[in-house]
Amino acid sequence: MKMVAPWTRFYSNSCCLCCHVRTGTILLGVWYLIINAVVLLILLSALADPDQYHFSSSELGGDFEFMDDANMCIAIAISLLMILICAMATYGAYKQRAAWIIPFFCYQIFDFALNTLVAITVLVYPNSIQEYIRQLPPNFPYRDDIMSVNPTCLVLIILLFISIILTFKGYLISCVWNCYRYINGRNSSDVLVYVTSNDTTNMVMATHQVSDGTHI
């Protein structure tokens, strides 16, 4: 009886119940590319025109600057890095190069871990939500409506929302991981077929030489 590892039971070649994991990974990489490209354009426009993201005290109840130059440069560098990682994942899935998908997979794990920490923080320190809402500007949209919600209900709503996000992110991680395993398995199969074909050819040639009386 063939033994199967527990984690291989969750392996699947399809995602979203319709498309192949390669197609899903390519679409996911392109989607992240578009998002990070838009973010990069916004950051570059903000760096070129800082006054566009400076709000007066009459607008936010205090002098508030969206981002300073140092943080803006860091954000631009992160956006460029994300574009590179997403492009590598898209190219790796398209050209069936598993190693190119690893950086994007690591980013997904890191992002999932951060969201998990947020959920744990909300669960352990529920009062931090109310404190954060009180620090918002007085004219922030729906600030008073959120403050009027029961704190327990507010925590449950936020936890439910984060749980949905974590479930979706976990599913996307499994899609990318299955794509990585599929490409690895396909490449390994190609190598095995090539080696087996060579061995079979050598065996046929040796048998033919023996039948002809040729010594090897």
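The structure we're discussing is the one just above.
Presented here is a report on the structure given in the accompanying data block.

So, how was this worked out
Residues numbered from 1 in each chain as written. Predicted model: local features only at pLDDT ≥ 70, side-chain atom pairs only at ≥ 80, totals over all residues. Heavy atoms only, no water. Core = buried A, V, L, I, M, F, W, Y, C linked by side-chain atoms within 4.5 Å. Buried < 20%, exposed > 50% of the residue type's maximum accessible area, 1.4 Å probe, protein only. Helix = DSSP H or I, 4+ residues; strand = E, 2+ residues; numbered from the N terminus. Contact = heavy atoms within 4.5 Å. Phe/Tyr/Trp six-rings, centres within 6.5 Å; stacked < 30°, edge-to-face > 60°. Patch = residues over 30% accessible without salt bridge, like charges linked within 9 Å, V, L, I, M, F, W, Y side chains within 5 Å. Areas by Shrake-Rupley, 256 points an atom, 1.4 Å probe, with all protein chains shown as cover. Salt bridge = Lys/Arg side-chain N within 4 Å of Asp/Glu carboxyl O. Polar contact = N/O pair within 3.5 Å; in protein donor to acceptor, adjacent residues only side chain to side chain.

Core analysis: the largest hydrophobic core is formed by 17 residues, its most contacted members being Leu28, Ile101, Phe104, Cys179 and Ile183. Going through the elements one at a time, helix H1 (21–48), helix H3 (69–95) and helix H7 (151–211) are the ones with two or more residues in this core. Considering each element in turn, this core owes the most residues, six residues, to H7. Not counting the four nearest positions on each side in its chain, Ile101 is found in contact with Ala89, Gly92, Ala93, Val176, Cys179 and Ile183.

As a further point, take unusual backbone geometry. Its identity is not glycine, yet Gln96 carries a phi of approximately 60°, on the positive side. In this structure, Gln96 sits in the loop between H3 and helix H4 (102–124).

Once that is clear, we can look at the packing of aromatic side chains. Inspection of every chain in the model, using the stated rule, returns six aromatic pairs. Judged by centre distance (5.4 Å) and plane angle (85°), the ring pair of Tyr32 and Phe104 falls under edge-to-face. Of this pair, Tyr32 sits in helix H1 while Phe104 sits in helix H4, and the two are 72 residues apart along the sequence. Each member of the pair, Tyr32 as well as Phe104, is classed as buried. Judged by centre distance (6.0 Å) and plane angle (85°), the ring pair of Tyr32 and Tyr107 falls under edge-to-face. Of the two residues, Tyr32 sits in helix H1 while Tyr107 sits in helix H4, which places them 75 residues apart along the sequence. A relative accessible area of 14% means that Tyr32 is categorised as buried. A network of ring pairs unites the aromatic residues Tyr32, Phe104 and Tyr107 as a single cluster.

So, about a nonpolar patch on the surface. A surface patch of nonpolar side chains, amounting to about 590 Å² of accessible area, comprises Val30, Trp31, Ile34, Ile35, Val38, Val39 and Ile42. Position of Val38 relative to the elements: it lies in helix H1. Using a relative accessible area of 42% as the deciding quantity, one classes Val38 as partly exposed.

Another point: the environment of Ser174. Position of Ser174 among the secondary structure elements: in helix H7. Using a relative accessible area of 28% as the deciding quantity, one classes Ser174 as partly exposed. C-alpha of Ser174 to C-alpha of Phe105: the two residues are 69 residues apart in sequence and 9.4 Å apart in space. Within the local environment of Ser174, its side chain forms a polar contact with the backbone oxygen of Tyr171, the two atoms lying 2.5 Å apart.

Function cannot be inferred from these measures alone, as they are strictly geometric.
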